Amino acid sequence: MEQTEFTTVDTHTGGEPTRIVLDGIEADTLAGATVEERRDRFAATSDDIRKLLMQEPRGHADMFGAVPVPTDRADLGVFFMDTDGYLDMCGHGLIGVVTALIEQGELPETPELTVETPAGLVDVTAEITDGVVRRVAFENVDSYVCETVTVEQDGDPVAARIVYSGNYFAVVDADTIGVTLDCEDATQCIGPALELRRAVNDVAPKDPLTGSSVTVSAVELTARDDRSCVVFADGSVDRSPCGTGTCARLTLHHVDGDLATGERVEVTGPVGSTFEGYITDTSVNDGVTVTKPVVSGTAHITGEHTFYRTDDDTLGSFTLT
Ligand code: PYC
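Not measured: the values here are computed from a predicted model.

Trainee: Would you mind showing me how to read the overall build of the protein chain here?
Mentor: For the protein chain, the count of helices and strands is four helices and 18 strands. Relative to its length of 321 residues, the protein chain is compact, with a C-alpha radius of gyration of 19 Å against a globular reference of 20 Å. Taking the principal axes of the C-alpha coordinates as reference, the protein chain spans close to 60 × 40 × 40 Å. The burial tally for the protein chain puts 52% of its 321 residues in the buried class. Here the analysis covers contacts within the protein chain between residues at least 6 apart in sequence; of these, 62% occur between residues at least 24 apart.

Following this line, the structure appears as structure tokens:
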């Protein structure tokens, strides 16, 4: 019997998992000049490993993962994956990766580092005491509002604000698609959010800076009391307030004149965990207000795993739909 092994350290950031792959991926399947190229090569050659570690029976419908990779542009390179594919940037994942790698001695105990993600370079600050990472803040890539798209849902018009913050989000008021965020059951958000994402992507929203059509990867449902619920992938619900989603929300509030530069906001996710964030800087590019959001949160290591893939295990990986 032939057996392949994959070693991971797993974390949760405000309840949202990140399975960080430390060993088992062949170096040549991660080749590339940038982290984006490394991610794309992995996706083209080794997507079965993503499915093995994210989907059942080793993962679950809401599993999330990260792969640290070498880079000469930053202190660390990392790309992100979920049960359905890959994201360019992930805030909760980044907080989890930095926490785990510092606590496990894979990264120096340095409070400031730069991380290369497929979306670009991100500055990270870690608060460390006694070898324990207490909090991680990241200054995200440039974020901006793209446009407002109005789609029809259940016969009613719904306005979705399209925002880029490392990923493209459709941000909508939860009330407008008939869900409440003060409810125990966050799974009620999944169906309406996926329907909205389909409708928004049918309209093919445009990025004002590149002029190209974009694909929205996540829907952020918001409520006025700073609660958020982000639905992404094939219906995964982010248990945390979502790092890039919080950046999208801060950018919208700033552009709408409701949040001054430097003003801090606490956003609460579906299990009650919080991220804090603010806009540190703004500029104008081609008439578009571009922000630099900073978001911070806390992660914990939940365990270490060695996963096996044996050639007599023919069931494969799957998601129940
Ligand atoms: O924290 O940025 C985030 C994120 C994106 C998708 C899931 N979490």
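From this point, things continue past the structure.
Trainee: What should I look at first to understand the site of the ligand in this one?
Mentor: Inspection of the region around the ligand gives L87, C90, G91, H92, F232, D238, C242, G243 and T244 as its neighbouring residues. Residue assignment for the shell around the ligand shows that the elements contributing at least two residues are helix 2 (91-103) and helix 4 (243-255). For the shell around the ligand, the domains that each give at least three residues are domain 1 (3-139 + 300-310) and domain 2 (144-297).

Trainee: Would you explain the sheet that holds strand 11 (residues 168-173) in this entry?
Mentor: Strand-to-strand pairing in sheets goes through backbone hydrogen bonds, with the strands running parallel or antiparallel. With mixed pairing, the six strands of this open sheet are ordered in space as 9-10-11-12-13-14. Of all strands in the sheet, those with a lone pairing partner are strand 9 (144-153) and strand 14 (236-237), marking the two edges. Pairing between strand 9 and strand 10 (residues 156-164): nine bridges, direction antiparallel. Each bridged residue has a counterpart across the sheet, and for Y144 the counterpart in strand 10 is Y164. In the packing of helix 3 (residues 190-203) onto the sheet, the strands contacted are strand 9, strand 10, strand 11, strand 12 (218-222), strand 13 (228-232) and strand 14, and the crossing angle to strand 9 comes to about 110°.

Trainee: Any chance you could explain the side chain of R50 here in plain terms?
Mentor: Looking at where R50 falls in the secondary structure, it is placed in helix 1 (residues 35-54). A residue is classified by how much of its surface remains accessible, and R50, at 3% relative accessible area, is buried. A polar side-chain atom of R50 sits 2.8 Å from a polar atom in the side chain of D47. Of note is the side chain of R50, whose polar atom sits 2.9 Å from the backbone oxygen of D82. Not counting the four nearest positions on each side in its chain, R50 is found in contact with F42, Q55, M81, D82, T83, D84, G85 and Y86.

Trainee: Is there a simple way to think about a negative patch on the surface in this case?
Mentor: The grouping of E152, D154, D156 and E195 at the surface amounts to a negative patch. For E195, the location among the structural elements is in helix 3.

Trainee: Help me understand the nonpolar core in this model?
Mentor: In summary, soluble globular proteins display a tendency toward joint burial of nonpolar side chains. L94, V124, F138, L196 and L221 are the most contacted members of the largest nonpolar core, which has 78 residues in total. The element that contributes the greatest number of residues to this core is helix 2, accounting for seven residues. Mapped onto the domain boundaries, this core takes at least three residues apiece from domain 1 (3-139 + 300-310) and domain 2 (144-297). Apart from the residues lying within four places of it in its own chain, the contact partners of L221 are V172, A174, I177, V179, L181, C189, R227, S228 and C229. Membership of the second largest hydrophobic core comes to 16 residues, among which are V21, L53, V69 and F307.

The rules behind the values
Residues numbered from 1 in each chain as written. Predicted model: local features only at pLDDT ≥ 70, side-chain atom pairs only at ≥ 80, totals over all residues. Heavy atoms only, no water. Helix = DSSP H or I, 4+ residues; strand = E, 2+ residues; numbered from the N terminus. Rg over C-alpha atoms; globule rule 2.2 N^0.38 Å. Buried < 20%, exposed > 50% of the residue type's maximum accessible area, 1.4 Å probe, protein only. Contact = heavy atoms within 4.5 Å. Near = heavy atom within 4 Å. Domains from an automatic or database assignment. Pairing = 2+ DSSP bridges. Axes fitted to C-alpha atoms, helices over the stretch in contact; angles between N-to-C directions. Polar contact = N/O pair within 3.5 Å; in protein donor to acceptor, adjacent residues only side chain to side chain. Patch = residues over 30% accessible without salt bridge, like charges linked within 9 Å, V, L, I, M, F, W, Y side chains within 5 Å. Areas by Shrake-Rupley, 256 points an atom, 1.4 Å probe, with all protein chains shown as cover. Salt bridge = Lys/Arg side-chain N within 4 Å of Asp/Glu carboxyl O. Lys, Arg positive; Asp, Glu negative; His and termini not counted. Charge placed at Lys NZ, Arg CZ, Asp CG, Glu CD. Core = buried A, V, L, I, M, F, W, Y, C linked by side-chain atoms within 4.5 Å.

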